[in-house]
Amino acid sequence: MEINYWAIFLSLAINLMKRYSSKLCSLILLKVYTKETQEITEYRNQLKILREEKNCINPMDNFAKYALVDRKINKLIDKLKENKSSTQSERMKLTMYINVVFTIFTILLSLILIWLNYSKPVIDFSSLLDRSDLNEKSIFFPLNKMLAFPNKTGNNSIGVSAWLLIVNRFIDIIINKINSTTLLKN
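Since the structure is predicted, the reported quantities are computational estimates derived from the model, not experimental observations.

K.L.:
Mind laying out the overall build of the protein, listing which residues take part and the relevant values?
P.N.:
Of regular secondary structure, the protein possesses six helices and three strands. Element order for the protein, N to C, with α for helix and β for strand: β-α-α-α-α-β-α-β-α. Its C-alpha atoms give the protein a radius of gyration of 30 Å, clearly above 16 Å, the size a compact globule of 186 residues would have. In terms of overall dimensions, the protein has a C-alpha envelope of 105 × 35 × 20 Å along the principal axes. In the protein, the proportion of contacts linking residues at least 24 apart, taken out of those at least 6 apart, comes to 69%. When the accessible surface of the protein is totalled, it reaches about 13,800 Å², and 63% of it is carbon and sulfur. Mean positive and mean negative side-chain charge positions of the protein (26 and 16 charges, respectively) differ by 2 Å.

K.L.:
Describe in detail the packing of helix H3 (residues 38-56) against helix H4 (residues 63-116), supporting the description with residues and values.
P.N.:
Interaxial distance between H3 and H4 falls to 10 Å at its minimum, and their mutual angle equals 155 degrees. In terms of orientation, H3 and H4 fall into the roughly antiparallel class. For H3 against H4, the interelement crossing comes out left-handed. Across the interface between the two elements, Glu39, Ile40, Tyr43, Arg44, Gln46, Leu47, Leu50, Arg51, Glu53 and Lys54 of H3 pack against Lys65, Tyr66, Val69, Asp70, Lys72, Ile73, Leu76, Ile77, Lys79, Leu80 and Asn83 of H4. Looking at the contact of H3 with H4 residue by residue, the classes come out as 10 nonpolar, two polar and nine charged.

K.L.:
So what's going on with the pattern of salt bridges? Which residues, and what values?
P.N.:
Scanning the entire structure with this criterion turns up two salt bridges. Here Asp172 and Arg19 are joined by a salt bridge, their closest N and O atoms 2.7 Å apart. Of this pair, Asp172 sits in helix H6 (residues 160-185) while Arg19 sits in helix H1 (residues 5-19); the two residues are 153 residues apart in sequence, bridging distant segments of the chain. Ionic pairing is found between Lys54 and Asp70, a salt bridge with its closest N-O pair at 2.9 Å. You can see Lys54 sitting in helix H3 and its partner Asp70 sitting in helix H4, a full 16 residues away along the chain. Asp70 gets classed as partly exposed once you look at its relative accessible area, which sits at 25%.

K.L.:
Describe the packing of aromatic side chains, naming the residues involved and giving the relevant values.
P.N.:
Scanning the entire structure with this criterion turns up one aromatic pair. An angle of 85 degrees between the planes, with centres 6.4 Å apart, marks the rings of Trp6 and Phe9 as edge-to-face. Within this pair, Trp6 and its partner Phe9 are both found in helix H1, separated by three residues, close to a single helical turn. Its relative accessible area of 53% is what places Phe9 among the exposed residues.

K.L.:
Run through a positive patch on the surface, naming residues and quoting values.
P.N.:
A surface patch of like charges, here positive, comprises Arg71, Lys72, Lys75 and Lys79. Looking at the element boundaries, Lys79 is found in helix H4. According to the relative accessible area criterion, Lys79 is partly exposed, its value standing at 42%.

K.L.:
Lay out H3 with the relevant residues and their values.
P.N.:
With 19 residues, H3 should cover 27 Å at 1.5 Å per step; its first-to-last C-alpha distance of 27 Å lies within 8% of that length. Listed in full, the buried residues belonging to H3 are Ile40, Tyr43, Leu47 and Leu50. Viewed along the axis of H3, the buried residues span an arc of 90 degrees, placing them on a single side of the element. Set apart from the buried face of H3 by more than 90 degrees, the exposed residues are Gln38, Lys48, Ile49 and Cys56. Packing partners of the buried residues in H3 comprise H4.

K.L.:
Requested: an account of the environment of Ser161, with residues and values cited.
P.N.:
Turning to its location among the elements, Ser161 is positioned in helix H6. The exposure class of Ser161 is partly exposed, given its relative accessible area of 22%. Along the backbone, Ser161 and Ile114 are 47 residues apart, and their C-alpha atoms lie at a distance of 6.9 Å. Sequence-distant contacts of Ser161, defined by excluding residues within four places in its chain, comprise Ile114, Phe149 and Pro150.

Rules and cut-offs
Residues numbered from 1 in each chain as written. Predicted model: local features only at pLDDT ≥ 70, side-chain atom pairs only at ≥ 80, totals over all residues. Heavy atoms only, no water. Helix = DSSP H or I, 4+ residues; strand = E, 2+ residues; numbered from the N terminus. Rg over C-alpha atoms; globule rule 2.2 N^0.38 Å. Contact = heavy atoms within 4.5 Å. Areas by Shrake-Rupley, 256 points an atom, 1.4 Å probe, with all protein chains shown as cover. Lys, Arg positive; Asp, Glu negative; His and termini not counted. Charge placed at Lys NZ, Arg CZ, Asp CG, Glu CD. Axes fitted to C-alpha atoms, helices over the stretch in contact; angles between N-to-C directions. Parallel < 35°, antiparallel > 145°, perpendicular 65-115°, else oblique. Left-handed = near helix turned anticlockwise from the far one by under 90°. Nonpolar A, V, L, I, M, F, W, Y, C, P; charged D, E, K, R; others polar. Salt bridge = Lys/Arg side-chain N within 4 Å of Asp/Glu carboxyl O. Buried < 20%, exposed > 50% of the residue type's maximum accessible area, 1.4 Å probe, protein only. Phe/Tyr/Trp six-rings, centres within 6.5 Å; stacked < 30°, edge-to-face > 60°. Patch = residues over 30% accessible without salt bridge, like charges linked within 9 Å, V, L, I, M, F, W, Y side chains within 5 Å. Expected span 1.5 Å × (residues − 1). Arc of directions from axis to C-beta.

Okay, structure coming up:
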């Protein structure tokens, strides 16, 4: 049985990268956007000082000063919300760009994998059969040509296109099992 280990490894990497590209993107953004800007830090410090000042003022005795501090606090909160929404829109744009890059990279890796393994199977089961019956017998009888595609030489082999589909489904099954067991534990 001949096995193309590079094709197997690359197909697993392609499918895992496709499956977890959004999580990888989130990790990248977490590293990039963890630091607050100096402006936001300044707004938060001012807000903290104004809230402490507001707590020290008695609204019954000094209502004008209390209302003035309250308006300042509301303005700072509005500025923080505005800054947060602009930061979120920038983050969404960057997320979209990173996801597009991962998708293009995944497609390119898939095309390279198919191109490099076009004429050779990923797994060839011919050595498991008797040499005399090799042309007559097929392990995957009604599906042998479809599984061997794009490889035209072997009846008892799995081509790269079918292998990508098999690995994709295999990873789906494993992830669903893992998710269902974690849901049952909770």
